[in-house]
Amino acid sequence: MKSKGIHLLLAMSLILLANFDSQSVSATPNDEIESSVGSESAASDEIRELEENVEPVPTNEITVSDKLIIEPKKAHAGEQIAFKLMLPEDQIFETIRLSYSSSNTEAETTVVLTYDSETKRYEGRLETNKETDIGIWSMTKAVGVEENNVSSILETRALITEESVLKKGDFEVIPHPAALFDLSSIKVEQNMVKVGEKLRFSLHSAKDDLLTNVTVAYRLLSLDGETAGQQLTLSLTFNEKTKAYEGKLPSIANQLIGDWVIEYLSAVDSKGDSFSLYNQFVIELDQAKMQEQLAELNNQLLEEQAAEELEETDDQSKIDLLKAEIKQLETRIEAKEKMLQTNLSIGNFTVQEVIVEEDAETIDEEIDKEMPSKNEAESGTSEEKPLSLLAESDAIESKETVSAAVGVENSSLIDEQKAEDVNSMTSEKTSAIEEAAQAVDRSSANEEAETDKKTEAIGFMKGSLFIVLAAFVIINGFIFKF
């Protein structure tokens, strides 16, 4: 019995030992799983701690679109768009990036604004061109970038395709003015027009778009090729028959003599947007003239600064005034560069002067009619006096000489009058008549003097003859007496 009991205890011991080994072996995978989960939990705790240490990215804390200034809100393709933004002083970024998408094609572009410490605002520009998508461009995101390249999302907005409402922060691109006109259809009749004639101008729109308030402005060129200040403006009306915009001048005046070039075309499109298209030739002339003025002002500024250093004075009034003028002129030059322009030389025309030629015989007749009749009266008086054949011949030669002199003067005056302008012809005729009258007066006085001399000679001759006859009678009487 004892031996059986011992065997039973041994068997039970072996069974218990086997069960303990199997439990210890099967527990190993569970320990590994628990350690794996524990390690993942520890990693997630570390990530959570790192995320807690990193500053959260601000989202929608600043509404950029409400504070954004865009000029112009509607820009023609080819124009420059300016962006200005002012934020609170505690929100300082190195740059702000604005993301835009086209509501028509979903094309994207980015505008970068940089901080200006003087104005304390962010500024940026977007250059458009003829290939820029037409339509509304919506802002979809605004991101602020700090100096250490840390980005912060300031504002996000969902893109609404085919957007028809221009919201704050958005801008619109409308067609270039050159795309609204059929520039090849510009027609001027006549290109060479004379004073007193009519001038006609016509122009077609592109794709039969209906335009209103269509105007063409001309500028007069001076003799040296530069533009003068005189302008000529034509308002064009739509002709239903020709489908063209037409305008005319009923009569060209003398004040319009010279070469005329188109300065700009302006109109209002079917959507109510006004626009102007400038002549590239005129813009370049204006820029060249302003550049010369700018160079002159800069030279004056240098001279004033040098004089100030030599005199050691604190008078800054002249220098400040020159700097202000230079800045203003630079602004004007920059504005000229932004103007939408193209070649409009097809519309140039020239006004010619009408040269009026009068017949020389007509001028002679007018002068002869206005000549005084004093010469005829004096010549008639002189003919009544008895003259010898020699005296008459001398008087005739004298008259012919004076008449020839007067004729030469009249001929020269006529030639000069033909060369002068028609407007001054009347005054010149009057002066010619006065000169001719003076010449006749001088000739009449000379004739009277010569006539008196001849009369005295004849009287002397008669006296001498009387003395001779008396002596002859006395001698004959004396001879007859003896």
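Residues numbered from 1 in each chain as written. Predicted model: local features only at pLDDT ≥ 70, side-chain atom pairs only at ≥ 80, totals over all residues. Heavy atoms only, no water.

Caption draft 1: Region of interest: the overall build of the chain. Secondary structure assignment for the chain yields eight helices and 20 strands. Residue burial in the chain is summarised as follows: out of 482 residues, 30% are buried. Looking at the chain alone, contacts between residues at least 24 apart form 68% of all its contacts between residues at least 6 apart. (Helix = DSSP H or I, 4+ residues; strand = E, 2+ residues; numbered from the N terminus. Buried < 20%, exposed > 50% of the residue type's maximum accessible area, 1.4 Å probe, protein only. Contact = heavy atoms within 4.5 Å.)

Caption draft 2: Quick peek at the pairing of strand β4 (residues 95–102). By the criterion of burial, β4 is predominantly enclosed, with six of the eight residues buried. Of the strand pairs in this sheet, β4 and strand β5 (residues 108–116) are connected by seven bridges, and their pairing is antiparallel. By the bridge assignment for β5, Leu98 is matched with Val111. Between β4 and the antiparallel strand that follows it, β5, lie five residues; Glu106 among them carries a positive phi value of about 65°. Bridge analysis of β4 against strand β7 (residues 135–145) gives eight bridges, and the strand direction is antiparallel. Pairing of Ser99 across the sheet is with Lys141, part of β7. (Pairing = 2+ DSSP bridges.)

Caption draft 3: Representation of the pattern of salt bridges within the structure. Under the definition given, this model contains nine salt bridges. In this structure, Lys74 engages Asp273 in a salt bridge whose closest nitrogen and oxygen atoms are separated by 3.4 Å. A residue pair is termed long-range when its members are at least 10 positions apart, and Lys74 in strand β2 (residues 74–76) and Asp273 in the loop between β17 (258–268) and β18 (274–279) qualify at 199 residues. One salt bridge in this structure joins Lys187 and Glu189, with 3.2 Å as the shortest N-O distance. Each member of the salt-bridge network shares a partner with another, and the members are Arg219, Glu263, Asp286 and Lys336. (Salt bridge = Lys/Arg side-chain N within 4 Å of Asp/Glu carboxyl O.)

Caption draft 4: The arrangement of the pairing of strand β13 (residues 212–221) in detail. Extensive coverage of β13 is indicated by the burial of eight of its 10 residues. Across eight bridges, the pairing between β13 and β17 is antiparallel. Residue Arg219 lies in a different strand from β17, and its bridge partner there is Val261.

Caption draft 5: Inspection of unusual backbone geometry at higher detail. A cis amide bond, omega -5°, links Glu71 with the succeeding residue Pro72. Residue position: Pro72 is located in the loop between β1 (68–71) and β2. Look at Lys120: it is not a glycine, yet its phi comes out positive at around 55°. Positive phi values are uncommon outside glycine, yet Asn213 reaches one of about 50°. With respect to the helices and strands, the residue Asn213 is situated in strand β13. By relative accessible area, Asn213 is classed as exposed at 59%.

Caption draft 6: Geometry of the nonpolar core. Residues Phe181, Phe201, Tyr218 and Phe349 are the most contacted members of the largest nonpolar core, which totals 31 residues. When contributions to this core are tallied by element, the ones reaching two or more residues are β10 (181–189), β12 (199–205), β13, β14 (227–235), β16 (244–249), β17, β18 and β20 (349–352). Ranked by size, the runner-up nonpolar core spans 24 residues in total, among them Ile81, Ile96, Leu113 and Tyr122. (Core = buried A, V, L, I, M, F, W, Y, C linked by side-chain atoms within 4.5 Å.)

Any functional reading would require information that these geometric values do not contain.
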